[in-house]
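Architecture at a glance
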Amino acid sequence: MWLRPEEVLLKSALKLWVTERSNRYFLLQRRRGYGEGGGGIAGLLVGTLDTVLDSTAKVAPYRILHQTPDSQVYWSIACGASLEEISQHWDWLQVNVMRTLSVFDSDDDITSFVQGKIRGLIAEEGKSSSGDDEDPERFREAMLRFERLFGLPKREKLVTYFSCSYWRGRVPNQGWIYLSTNFICFYSYLLGNEVKLVFSWDEVSRLERTSSVLLAESIRVCVHGEDHFFSMFLRLQQTYLLMQQLADYAITRLFDKETFSMDHPLSDPLHITQRALEVHARNQAFRSFFRLPQEENLCEVYESFLWVPFNHYNTLGKICVSERYLCFASQDGSQCHLIVPLREVSRNTDRLFVQLPLCDDEEDVMVGQTQPAVSTEALMNVFHPQDAENLDPKMLKERMKEQSWQIHFAEYGRGSGMFCTKKTRDLVVRGVPETLRGELWMLFSGAVNDMATHPGYYAALLDECMGSSSLACDEIERDLHRSLPEHPAFQTDTGISALRRVLTAYAHRNPKIGYCQAMNILTSVLLLYAKEEEAFWLLVAVCERMLPDYFNRRIIGALVDQAVFEELIRDHLTALTDHMTDLSFFSSVSLSWFLTLFISVLPIESAVNVVDCFFFDGIRAVLQLALAVLHYNMDSLLCCHDDAEAVTILNRFFDSVTNKDSPLPATVQQASAPANHKPAQSVDISDLIREAYERFGDIRWEEVESMRKRNKLYVIQTLEETTKQNVVIVAQDVKFSASQLEELYLLFKRQHFISCYWSVSSPSLQNHDPSLPYLDQYQLGQSQFSALFTLLLPWAPNTHSHSHSHSLTRSAFRLADENRDGLVNFREFICTLDILYNGSFTEKLKFLFKLHLQPGMITSSLYINNNMWVSCRMKLALKVNLRTYATINKVQCSYVCVCVCVCVCVLQNQFVRLSKTLYSVFHGDEEEESLYRAVARVTSLLLRMEEVGRRLQETNSAPTSLTPDPCSPTGGDSSPKSPPPDPDSSPSDTSPRSPTSPTSSATSSPTGTSSSALDTPVDSPGDPPAGGEDWSFSFEQILASLLNEPAVVRFFERTVDTQALIENAKATAPPKAINTHSQSDYAGGHVFV
């Protein structure tokens, strides 16, 4: 492959390389220890060195160098893994370059020409490469190897693959790493030593680039607390970025349960490509940097020069074009960027002209329509209008700030097309004037573009949610009077009503977030300086772009930034790191700083300066200020003996922060020293912010975003570990040990993820409810439940019929699904297993009995009308005192449902299936023959009892329990009317059947039609009565009969080896594709005995 030209010191490399071919301008060299003639002691040493170090040395076996006769400098321009590959590059140079070099007179010109030619080849290769790989045939072969080696389903999409080394200790294993949508896989086979790794992306807790003495640079992957290191010749950064993107995609789909629109490149997990991942990452970075709406996608990027009118020179940078915006970011250190809506662009020949609004009229800058139903003024203008005649020194400083910004607008433009430079940042650091704060917040956050492209959206949203009631609305009402209660604006209905409308509208717009605490504090500050509709769009920008994942139930975004904050403390405050054994204290104490942008800890007149910097620089400004706070209190914190003392120091510091230039009246300002201690020396907020930028201004946006991605995996897995521990604490009503519960939880979670791997319409995703507790969000549909339940059954499943096995697991799923939502959560699953593993003989038998009851048989009812008839679908043992129902007849209705205590029984076909299940459960047991005989004896006995009962029933002309009460208005009329049809009945329930029973001498499992276990016993009962009613048995009858069989009792009371079953389930093959069923496939009910 062609390489970007780099200088090579050839003198020290003579002993490591052998020249194979050469001419006046190029050398083709082979690494010692490779190819023919690579023997000898030197060759063995070099070969061993390269084998051990592999990609760490970044050395390919062959390379091509460029040289000029009069120069001692060599340039590497190509490398190859084989002689054939490098020979193709050599031949191309001979044909296309050598003839041209003879026309140059200067060696410098020759070198410049060669370098330019090589760079052009690299650029052309980058443009021409498309699809999943440069060679589609090779990629197809890699896909076949991927499927064959790892046993994954064909639906698992291979994204890309690389040659790399996997390090186990100090020994490398050269092989191939395969990156797919849901898994990271590695395979190596060398001299009989096979290494095969398969990890799912949802198991990865750390993913980062590392370096050590042995490994110059490698990729560290941490799975379940175990580190795995991968290194490679080339493309280390490309591989790392792809792994990071795949891990982030897995988190988005599996943990956050987010879905993508149909036209999104990542909408279908079965068709993810490397190009789609790169496009998605590029669009995310583009929107994040320029604060653009979520629907914007980057179309083109060009290197260009931008004419800067205020400095009268061209600045080098990149111009980025999306569907509706043209953006520019400089690359020459001037920190100049520009965002221009295309609606303001006019084209003339090959230049773009943008008419920047330079007017002072704010209404021309802010696009959007105000509605009479909402507040059209910022609350600060309503409650504290500025007096133009006021000559107070603070007001004079405020006028000077306003004048500075007016000069800036005149030079750099105003509104959405304003140039943002270092001078803009300097003005923001000094503090934004009160009158311009709302306008500049809208501009810097990108909310002005949202409002311009969605005219009337806020008013329509208010109409939709007006009068609605939800949990979010209740929480909003509870917190309305806790939002800046000391400010006059929120002591009246004007401010409270505006706050209610904005929060309710956003909860209606984004139900995934709804309403979270701290949103009320932030929104109240936004309403002070922005109009109501502008405050709404500012809240949208903060929650959905600038602070992603902050305002939800798990506050993952805030926890991620806490991890970034800890990392920055280690890098910039080493003295504090050495003193503190655990930096998590700073994460916990600073959580409110990040959630409220310091509004909750600083006086309002000082906190708004922090918000100014946040809207200009994003979370980077908050991180810088947090570091500055710790640095300012460094000496005091180093003398602390416990966390409480450190918290006191920080609180005292925040109380001492003031804003000496604030023009707000004293009734609004909050800065006041507590009465119980002497106030500390005051600190001006402008000085603190200035120090933060001067001392920690080298923190770049790209660095923060990289740390966010790197720490997100760790935060997610930490939350998962916490959830697992909570499961163990909550699930104390089962008899599993803590370690067994943890392992069962991991198995359940793995099965849940399997249901989401290859489908965007799995029941778990479709029925995701963010308001549920996090434990309940892991749920299994019927197919996933059946697969895991079969693995964990304590009795070897050896059913003679696949349909019978499927019927059993389907019935078990109905029993476990207590809330009848078509999904089973972990609590429901673990309670079902607890019966099978730790239940008594009676509990286990009752579970099997319930499995064979028909769906929907939850309760039985008596339908009573004026003629006093009783209808039951099954034969029931009832004791009904009809005198107690005399008053019911006075009710004016056709039917009255009276719930009574009934005895649920299994019908003929259900009892036969129960017998089959018992035979399959006993199959393979050491007492199999005696167990078969016991079941046959019990079955024969029950059938005899049923026959006796039938004969006794036939001798009675009318059942005494159903004799009409003489007090009934109908007297002795006993001919009932037909009852309403039972919705659960089927034709098979009423058709006459002949009783079938196993013989008492049966000794073999009913695995075929020739089995005698289900034939008529020796003392078989006669034909059913003329009524054709099926015979049935109650649970008490079956239990009493089986208790007389010691072999059966011993079998069910035998201790289950829980750990062995769990280990067997964990050791199963990699997950196979599972056909998911929609919720409509589930139709059933509960069964109660």
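Fair warning: this is a prediction, and the values are worked out from it, not measured in the lab.

Within the protein chain, the secondary structure is distributed over 40 helices and 26 strands. Counting every position in the protein chain, which comprises 1089 residues, the buried fraction comes to 51%. Relative to all contacts within the protein chain whose residues are 6 or more apart in sequence, the contacts with residues 24 or more apart total 69%. Surface accessibility of the protein chain: about 50700 Å² in total, with carbon and sulfur atoms responsible for 52%.

Under the definition given, this model contains 38 salt bridges. The salt bridge involving R30 is made with E20; its shortest N-O contact spans 2.6 Å. Taken together, the residues span a long stretch of sequence, with R30 in strand β3 (residues 26–31) and E20 in strand β2 (residues 17–22) at a distance of 10 residues. Residues joined by salt bridges that share partners form a network here, namely E208, R220, D227, E567 and R710.

Core analysis: the biggest nonpolar cluster contains 131 residues, and F444, M519, F551, F586, F615 and L630 have the highest contact counts within it. Leave out the neighbours within four places in its chain, and F615 touches R291, W441, F444, S445, L526, L538, V542 and M546. If you look at the next biggest cluster of nonpolar residues, it comprises 124 residues, including Y187, A276, V921 and F1035.

Its place among the elements puts P341 in strand β16 (residues 337–341). Among the residues examined, P341 registers a relative accessible area of 0% and is labelled buried. In this view, P341 contacts R324, Y325, S416 and N449; residues no more than four positions away in its chain are not counted.

On to the sheet that holds β16. Across the sheet, which stays open at both edges, the 4 strands sit in the order β13-β14-β15-β16 with antiparallel pairing between neighbours. A strand with exactly one partner marks an edge of an open sheet, and here the two such strands are β13 (298–308) and β16. Averaged over all neighbouring strand pairs, the angle between strand axes comes to 25°, with direction disregarded. Each of β13, β14 (313–322), β15 (325–330) and β16 touches helix α7 (residues 274–290); the most contacted strand, β15, lies at about 80° to it.

Spatially, 5 strands are ordered β1-β5-β4-β3-β2 in an open sheet, and the strand pairing comes out antiparallel. Sheet topology places β1 (2–8) and β2 at the edges, where each strand pairs with a single neighbour. Across the sheet, the mean angle from the axis of one strand to that of its neighbour is 30°, orientation sign disregarded. Relative to strand β5 (residues 74–80), β1 runs antiparallel, the two being bridged by 4 bridges. Note that in β5 the partner of E6 across the bridge is S76. Packing against the sheet, helix α2 (residues 83–96) makes contact with β1, β2, β3, β4 (62–66) and β5, and its axis sits at approximately 130° to β5.

This brings us to helix α10 (residues 393–412). Spanning 20 residues, α10 covers 29 Å between terminal C-alpha atoms, matching the ideal 28 Å at 1.5 Å per step. Among the structural elements, α11 (422–430) and α12 (437–445) are those in contact with the buried residues of α10.

In this model, L484 sits at a positive phi of 45°, which is unusual for a non-glycine residue. Positioned with a positive phi, F598 is a non-glycine residue whose angle comes to about 70°. Structurally, F598 can be placed in the loop between α22 (591–596) and α23 (604–617).

Between helix α24 (residues 619–632) and helix α27 (residues 685–696), the least distance of the axes is 8 Å, while the angle of their chain directions is 100°. Considered as vectors, α24 and α27 are oriented roughly perpendicular to each other. On the side of α24, the interface is formed by A621, Q624, L625, L627, A628, V629, H631 and Y632, while α27 contributes L688, I689, E691, A692, Y693, R695 and F696. For the contact of α24 with α27, the residue count by class is 11 nonpolar, 2 polar and 2 charged.

Now for the pairing of β5. Burial within β5 is extensive, with 7 of its 7 residues counted as buried. Relative to β5, β4 runs antiparallel, the two sharing 5 bridges. Following the sheet pairing, R63 is matched in β5 by C79.

Turning our eyes to something else, we now look at the packing of α12 against helix α17 (residues 519–529). Two numbers describe how α12 lies on α17: the axes approach to 8 Å, and their chain directions differ by 120°. Comparing their axes, α17 and α12 come out oblique. Note on element contacts: α17 touches α12 through V525, L526 and Y529, opposite R437, G438 and W441. The class makeup of the residues in the contact of α12 with α17 is 4 nonpolar, 1 polar and 1 charged.

With respect to the secondary-structure elements, L591 resides in helix α22. The spatial distance from the C-alpha of L591 to the C-alpha of A558 is 7.1 Å, given a sequence separation of 33 residues. If sequence neighbours within four positions are ignored, L591 has contacts with I555, A558 and Q562.

The next point concerns a negative patch on the surface. A surface patch of like charges, here negative, comprises D582, D642, D643 and E645. As for its position among the elements, E645 is in helix α26 (residues 643–656). Overall, E645 belongs to the partly exposed group, its relative accessible area being 31%.

Evaluation of the coordinates by the stated rule reveals 48 aromatic pairs. Seen in terms of ring centroids, F146 and Y178 are 5.9 Å apart; in terms of plane orientation they differ by 35°. Their pairing is tilted. Highlighted residues: F146 in helix α5 (residues 136–150) and Y178 in strand β7 (residues 171–180), separated in sequence by 32 residues. Each member of the pair, F146 together with Y178, is buried. R206 extends its terminal NZ or CZ atom over the ring of Y714, reaching a point 4.2 Å from the ring centre. The ring of Y529 carries the charged tip of R437 above its face, separated from the ring centre by 5.1 Å.

Right, let's talk about the confidence of the model for the protein chain for a bit. Within the protein chain, residue pLDDT values average 77, and 74% of them lie at 70 or more. In the model of the protein chain, strand β23 (residues 861–864) stands out as the element of lowest mean pLDDT, 32, in contrast to α24, which has the highest, 95. In the predicted structure, residues 354–372 sits below a pLDDT of 50 and forms 37 contacts with residues beyond four places in sequence or in another chain. A low-confidence stretch, residues 1072–1089 stays under pLDDT 50, and its non-local contacts, those more than four residues away or across chains, total 61 contacts.

Along an α-helix, residues three or four positions apart point the same way, because every turn accommodates 3.6 residues. The terminal C-alpha atoms of helix α19 (residues 556–572), which comprises 17 residues, lie 24 Å apart, in line with the 24 Å expected from a rise of 1.5 Å per residue. When you tally the buried positions in α19, you get 13 out of 17 residues, the bulk of the element.

Here the focus is the state of the cysteines. Such a bond, covalent and formed between the sulfur atoms of two cysteines, is termed a disulfide. What the rule picks out here adds up to 0 disulfides. A disulfide-free cysteine, C320 has its sulfur positioned 6.5 Å from the sulfur of C327, the nearest such atom. Residue classification places C320 among the buried positions, given a relative accessible area of 11%. With no disulfide of its own, C640 has C639 as its nearest cysteine by sulfur position, at a separation of 7.3 Å. According to the relative accessible area criterion, C640 is buried, its value standing at 12%.

Rules behind the numbers
Residues numbered from 1 in each chain as written. Predicted model: local features only at pLDDT ≥ 70, side-chain atom pairs only at ≥ 80, totals over all residues. Heavy atoms only, no water. Helix = DSSP H or I, 4+ residues; strand = E, 2+ residues; numbered from the N terminus. Buried < 20%, exposed > 50% of the residue type's maximum accessible area, 1.4 Å probe, protein only. Contact = heavy atoms within 4.5 Å. Areas by Shrake-Rupley, 256 points an atom, 1.4 Å probe, with all protein chains shown as cover. Salt bridge = Lys/Arg side-chain N within 4 Å of Asp/Glu carboxyl O. Core = buried A, V, L, I, M, F, W, Y, C linked by side-chain atoms within 4.5 Å. Pairing = 2+ DSSP bridges. Axes fitted to C-alpha atoms, helices over the stretch in contact; angles between N-to-C directions. Expected span 1.5 Å × (residues − 1). Parallel < 35°, antiparallel > 145°, perpendicular 65-115°, else oblique. Nonpolar A, V, L, I, M, F, W, Y, C, P; charged D, E, K, R; others polar. Patch = residues over 30% accessible without salt bridge, like charges linked within 9 Å, V, L, I, M, F, W, Y side chains within 5 Å. Lys, Arg positive; Asp, Glu negative; His and termini not counted. Charge placed at Lys NZ, Arg CZ, Asp CG, Glu CD. Phe/Tyr/Trp six-rings, centres within 6.5 Å; stacked < 30°, edge-to-face > 60°. Lys NZ or Arg CZ within 6 Å of the ring centre and 35° of its normal. pLDDT = per-residue confidence, 0-100. Disulfide = S-S within 2.5 Å.

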